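Breakdown of the fold
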Number of protein chains: 2
Amino acid sequence: MATMQDIANRLGVSVSTVSKGLNGGRDISEDLRAAILDTAVELGYTSRSARKRESGRLALFIENMDCSSESDFGYDIVMGFRQAANRDNWAVDVIPLTKTFQNSERYDRWMVEHKYAGAYFLGLALDSPWMDQLYNTTVPSALLDNFIPANPNVACVGTDNDEAIDMAVGHLHALGHEKIAFLNGSRGSQVSDQRMYAYLNSMAKRHLLIDPNLAVYDYFVAEVADEHVPSFIDGGATAILCGNDLIASGVIRSVTGLGLNVPDDISVVGFDDLPLAETLDPPLTTIRQNRTELGRCGYYALYAMLGSVAIAKNLLRPALIIRGSTAVCRPRIATKHPDNQKSVLSVNPQMYNQFVKTSL
Amino acid sequence: MATMQDIANRLGVSVSTVSKGLNGGRDISEDLRAAILDTAVELGYTSRSARKRESGRLALFIENMDCSSESDFGYDIVMGFRQAANRDNWAVDVIPLTKTFQNSERYDRWMVEHKYAGAYFLGLALDSPWMDQLYNTTVPSALLDNFIPANPNVACVGTDNDEAIDMAVGHLHALGHEKIAFLNGSRGSQVSDQRMYAYLNSMAKRHLLIDPNLAVYDYFVAEVADEHVPSFIDGGATAILCGNDLIASGVIRSVTGLGLNVPDDISVVGFDDLPLAETLDPPLTTIRQNRTELGRCGYYALYAMLGSVAIAKNLLRPALIIRGSTAVCRPRIATKHPDNQKSVLSVNPQMYNQFVKTSL
């Protein structure tokens, strides 16, 4: 990380001039100020106090995530980040990240100009204007659930999806389920891809049949369930793993709408453990993401990067929360097309290419 | 994490009695002291100062890793851990971990009795006596390159093997290599398994042929090269990726011994970037693990767990260090058995089962 002296050396000016440029001093030209800011960005300038991690300001950018009320997914993440950062004397500003704002500012320059030593991004979309800039940023940046390859200034923070999905599949398998469907969230989202991959691996290592018709992507909303649940049931599924709790709530409604019972006929597992999960009927067995810890972990990743430790991934433990939506597997009456099931053992190349969009 | 009050409540004694038990006070019976220590272990007791992360003692256990001289793999890890911990006022004791010692003490109890708030383990073998105890420990414990499922008190620290191997394969692919062999370290070691998995995925995503004869496990020493290099060359390999720098040094020697040239005939890539790497002839292209950062990262993982944040994996960025052992692929004279090569496209189930020992 560069110092004011580095910027002064590069531009052939004094440190006090650099200081004026960075701190809004009046008696320098706008051109020189711009040059100082651009050089600060290029060299990866960080203030002395931030470098020593004694104090400074951190930005918490929120794009596509509800954070305002206690029942929102992001609320506790914001709280956890604030608590951990404040404890070390960092000020935290929460900044809504609109596309207009991103289009009107360069990320690195904006951060230097506004004296933020680092940022944690929640809900950043893959097509966000700043996403490309993060591939080369010199500003310590932590991203919830997004992985950027090769840049030592960017860390991915999230829940360990491998372990999470394996816990869910293991729980269902221990209850006797073998035909476990997976109704995943959006294709192209990194967490969805990781979870699909984890599902395939977890099924394969248990020698459970993977049926391509029982492993699908759709969207992270309840409404997608009605389209897939009937074909899952026709396909012989006795359990449905869902990409998040909202999907799971839709699945419970669809199963019930078909005159079947959760969990007696179909076990259902969610992902996230939103406040909604325990209010469902039956209460939802789900994978808990500890949102307060996801917040704190974002700060820890920044703390490490500010100390020049290049964190790639900082992943938290998931927890399996067992409630009423899963039960011992009971054989059902034969499905309509028992001989038409295209089942494959383990992960084959077609499955791999069909499902796993490598994100590296 | 439990307090002295929790222990006192459980045993029906006063907090001052618990304090005597934990701190070696004289006027309590040995039976009561044992009960207090056992209860402290059971409840996961941590001292107030350690809980507040103000000060305390951390153990750095070293089993199978050379750390004493600057050229040893572990030296900078120890330094990095010490620096980061001392900065936050933690005392660090480096403790050699013999099997005799492990067999004579229970891990949790020993830690409580000796007032260590947490530990970082380097080189812990899968068959070590304390390994089983780590599945259920209540003491914050970070493990370099070992993953223990489901225990929120244990974190895995390491380099991101997925990204590391993908960088190496990508580098060779960009140079025109398609038949890339992988001479891996020991089967059953978690890092070896992760690296084999990463190799299969990286080859598959680039649509490169995976030949089972070109992807083998052996040991992390130079001497294994002579056995495998001739068959790699017969199999048409133009590049050999190695599980570590020692293997790579043996591969360079073997290739040269066969009258071929590195990198003109065969490109070679190592892993680790030991001091040895740049002294080889030609100097070795390799994946750098930043050992100082691996040390600091061990402390950061402990810091997070002491604050009750359940880190699963804390993975660092690898760096590709390009030196003289890799070059543009040049076609070689046809190999002996060009039609006998059993090549498979992408990852198939047999490959999966043959190579990937899932470690979860």
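Since we're looking at a predicted model, the values are computed, not measured. (Residues numbered from 1 in each chain as written. Chains lettered and ligands numbered in written order. Predicted model: local features only at pLDDT ≥ 70, side-chain atom pairs only at ≥ 80, totals over all residues. Heavy atoms only, no water.)

1. So, the confidence of the model for chain A
Residue and element names in this part refer to chain A. Predicted confidence across chain A gives a mean pLDDT of 87, with 90% of residues reaching 70 or more. Confidence, read as mean pLDDT per element, is least for strand 14 (residues 344-345) in chain A (34) and greatest for strand 9 (residues 239-242) (98). Taken together, the stretch residues 334-360 has pLDDT below 50 and engages in 75 contacts with residues farther than four places along the chain or on a different chain. Complex prediction metrics read pTM 0.78 and ipTM 0.72. (pLDDT = per-residue confidence, 0-100. Helix = DSSP H or I, 4+ residues; strand = E, 2+ residues; numbered from the N terminus. Contact = heavy atoms within 4.5 Å.)

2. Looking at helix 9 (residues 161-174) of chain B
Residue and element names in this part refer to chain B. Here helix 9 is 14 residues long and its end C-alpha atoms lie 20 Å apart, about the 20 Å a rise of 1.5 Å per residue gives. With ten of 14 residues buried, helix 9 is to be regarded as a mostly interior element. All buried positions along helix 9 are accounted for by Asn161, Glu163, Ala164, Ile165, Asp166, Ala168, Val169, Gly170, His171 and Leu172. Where helix 9 starts, the residue carrying a side-chain oxygen 3.2 Å from the main-chain nitrogen of aspartate 162 turns out to be aspartate 160. Positive phi shows up at glycine 176, right after helix 9, with a value of about 100 degrees. (Expected span 1.5 Å × (residues − 1). Buried < 20%, exposed > 50% of the residue type's maximum accessible area, 1.4 Å probe, protein only. Polar contact = N/O pair within 3.5 Å; in protein donor to acceptor, adjacent residues only side chain to side chain.)

3. Quick look at the pairing of strand 9 of chain A
All names here are of chain A. Neither face of strand 9 is open: one carries Ala239 and Leu241, the other Ile240 and Cys242, and all of them are buried. Sheet analysis places strand 6 (residues 180-184) next to strand 9, joined by four bridges and oriented parallel. Within strand 9, the position partnered with leucine 183 by the bridge is cysteine 242. Sheet topology places strand 9 next to strand 10 (residues 267-272); three bridges connect them, and they run parallel. Within strand 10, the residue paired with alanine 239 across the bridge is serine 267. The parallel pair strand 9 and strand 10 is bridged by helix 12 (residues 245-257), and the resulting crossover is right-handed. (Pairing = 2+ DSSP bridges. Right-handed = clockwise from strand over helix to strand, strands pointing away.)

4. Describing the pattern of salt bridges
Counted by the stated rule, this structure contains 28 salt bridges over all chains. Glutamate 42 of chain A is the partner of arginine 10 of chain A in a salt bridge, and the nearest nitrogen-oxygen pair spans 2.8 Å. You can see arginine 10 of chain A sitting in helix 1 (residues 4-11) and its partner glutamate 42 of chain A sitting in helix 3 (residues 30-43), a full 32 residues away along the chain. Of the charged contacts in the structure, one is a salt bridge between aspartate 93 of chain B and arginine 57 of chain B, with a shortest N-O distance of 3.0 Å. Linking aspartate 93 of chain B in strand 2 (residues 90-96) with arginine 57 of chain B in strand 1 (residues 56-62), this pair joins segments that are 36 residues apart in sequence. Aspartate 93 of chain B sits in the partly exposed class, given a relative accessible area of 26%. Salt bridges sharing common partners tie together Asp38, Arg109 and Glu113 of chain A. (Salt bridge = Lys/Arg side-chain N within 4 Å of Asp/Glu carboxyl O.)

5. Focus: the sheet that holds strand 8 (residues 215-217) of chain A
Residue and element names in this part refer to chain A. As summarised here, the arrangement of the six strands in space is 8-6-9-10-11-13, forming an open sheet in which the pairing is mixed. Edge positions in the open sheet fall to strand 8 and strand 13 (319-321), since each of these has one partner strand only. Across the sheet, the mean angle separating the axes of adjacent strands is 15 degrees when strand polarity is ignored. (Axes fitted to C-alpha atoms, helices over the stretch in contact; angles between N-to-C directions.)

6. Let's talk about the sheet that holds strand 8 (residues 215-217) of chain B
All names here are of chain B. Strand order in the open sheet formed by six strands is 8-6-9-10-11-13, with mixed pairing between adjacent strands. The open sheet has two edge strands with one neighbour each: strand 8 and strand 13 (319-321). Geometrically, the sheet is characterised by an average inter-axis angle of 15 degrees between neighbouring strands, direction not taken into account. Here four bridges tie strand 10 (residues 267-272) to strand 11 (residues 285-288), and the two strands are oriented parallel to one another. Counterpart to aspartate 272 in the pairing with strand 11 is arginine 288.

7. Some points on the packing of helix 9 of chain B against helix 10 (residues 190-205) of chain B
Residue and element names in this part refer to chain B. Two elements in contact, helix 9 and helix 10, have axes separated by 8 Å at closest approach and are oriented at 50 degrees. When the axes of helix 9 and helix 10 are compared, the pair comes out oblique. Handedness of the crossing formed by helix 9 with helix 10: right-handed. Residues Asn161, Asp162, Ile165, Asp166 and Val169 of helix 9 pack against Val191, Gln194, Arg195, Ala198, Tyr199, Ser202, Met203 and Lys205 of helix 10. Tallied by class, residues from the contact of helix 9 with helix 10 come to six nonpolar, three polar and four charged. (Parallel < 35°, antiparallel > 145°, perpendicular 65-115°, else oblique. Left-handed = near helix turned anticlockwise from the far one by under 90°. Nonpolar A, V, L, I, M, F, W, Y, C, P; charged D, E, K, R; others polar.)

8. Some remarks on the packing of aromatic side chains
Two descriptors summarise a pair of aromatic rings, namely the distance from one centre to the other and the angle between the planes of the rings. Tallied over the full model, the rule gives 32 aromatic pairs over all chains. Geometrically, the ring pair formed by phenylalanine 61 of chain A and tryptophan 110 of chain A is tilted, given 6.0 Å between the ring centres and 55 degrees between the ring planes. Of this pair, phenylalanine 61 of chain A sits in strand 1 (residues 56-62) while tryptophan 110 of chain A sits in helix 7 (residues 107-113); the two residues are 49 residues apart in sequence, bridging distant segments of the chain. For the pair phenylalanine 61 of chain A and tryptophan 110 of chain A, a shared accessibility class is recorded, and that class is buried. Here the aromatic residues Tyr299, Tyr300 and Tyr303 of chain A together with Phe81, Tyr120, Tyr299, Tyr300 and Tyr303 of chain B are joined through ring pairs into a cluster of three or more. (Phe/Tyr/Trp six-rings, centres within 6.5 Å; stacked < 30°, edge-to-face > 60°.)

9. Thoughts on the side chain of asparagine 184 of chain B
Residues and elements named next belong to chain B. Here asparagine 184 is to be found in strand 6 (residues 180-184). Side-chain polar atoms of asparagine 184 contact the backbone oxygen of serine 192, separated by 2.9 Å. Ignoring sequence-local partners within four residues, the contact set of asparagine 184 consists of Ser192, Met196, Val216, Tyr217, Asp218, Tyr219, Gly243 and Ile247.

10. Some points on empty space enclosed by the protein
Counted according to the given criterion, the structure contains two cavities of 30 Å³ or more. Estimates place the volume of the second largest cavity at around 40 Å³. Broken down by secondary-structure element, the contributors of at least two residues to the lining of the second largest cavity are helix 13 (291-306) and strand 12 (311-316) of chain A together with helix 13 (291-306) and strand 12 (311-316) of chain B. Across the lining of the second largest cavity, the residue classes break down as seven nonpolar, two polar and no charged. (1 Å grid on protein atoms, 1.4 Å probe; cavity = no way out; pocket = protein on both sides within 12 Å on 5 of 7 lines; lining within 4 Å. Points joined across faces, edges and corners; volume = space filled by probe spheres on them.)

11. With respect to helix 13 of chain B
Residue and element names in this part refer to chain B. The end-to-end C-alpha distance of helix 13, which contains 16 residues, comes to 23 Å, matching closely the 22 Å that a straight helix rising 1.5 Å per residue would cover. Taking burial as the measure, the 16 residues of helix 13 include 15 buried ones, the bulk of the element. Measuring from the backbone nitrogen of threonine 292 back to the side-chain oxygen at the start of helix 13 gives 3.3 Å, which picks out asparagine 290 as the cap. With its phi angle positive at about 65 degrees, serine 308 sits one or two positions after the end of helix 13.

12. Regarding the packing of helix 5 (residues 75-87) of chain B against helix 13 of chain B
Think of two packed helices as two axes; the pair is described by the angle between the axes and how far apart they sit. Residues and elements named next belong to chain B. The geometry of helix 5 relative to helix 13 is characterised by a closest axis approach of 6 Å and an angle of 45 degrees between their N-to-C directions. Comparing their axes, helix 13 and helix 5 come out oblique. For the crossing formed where helix 5 meets helix 13, the hand is right-handed. Contacts from Asp76, Ile77, Gly80, Phe81, Gln83, Ala84 and Ala85 of helix 5 reach helix 13 at Arg291, Thr292, Leu294, Gly295, Arg296, Gly298, Tyr299 and Leu302. Split by residue class, the contact of helix 5 with helix 13 holds seven nonpolar, five polar and three charged.

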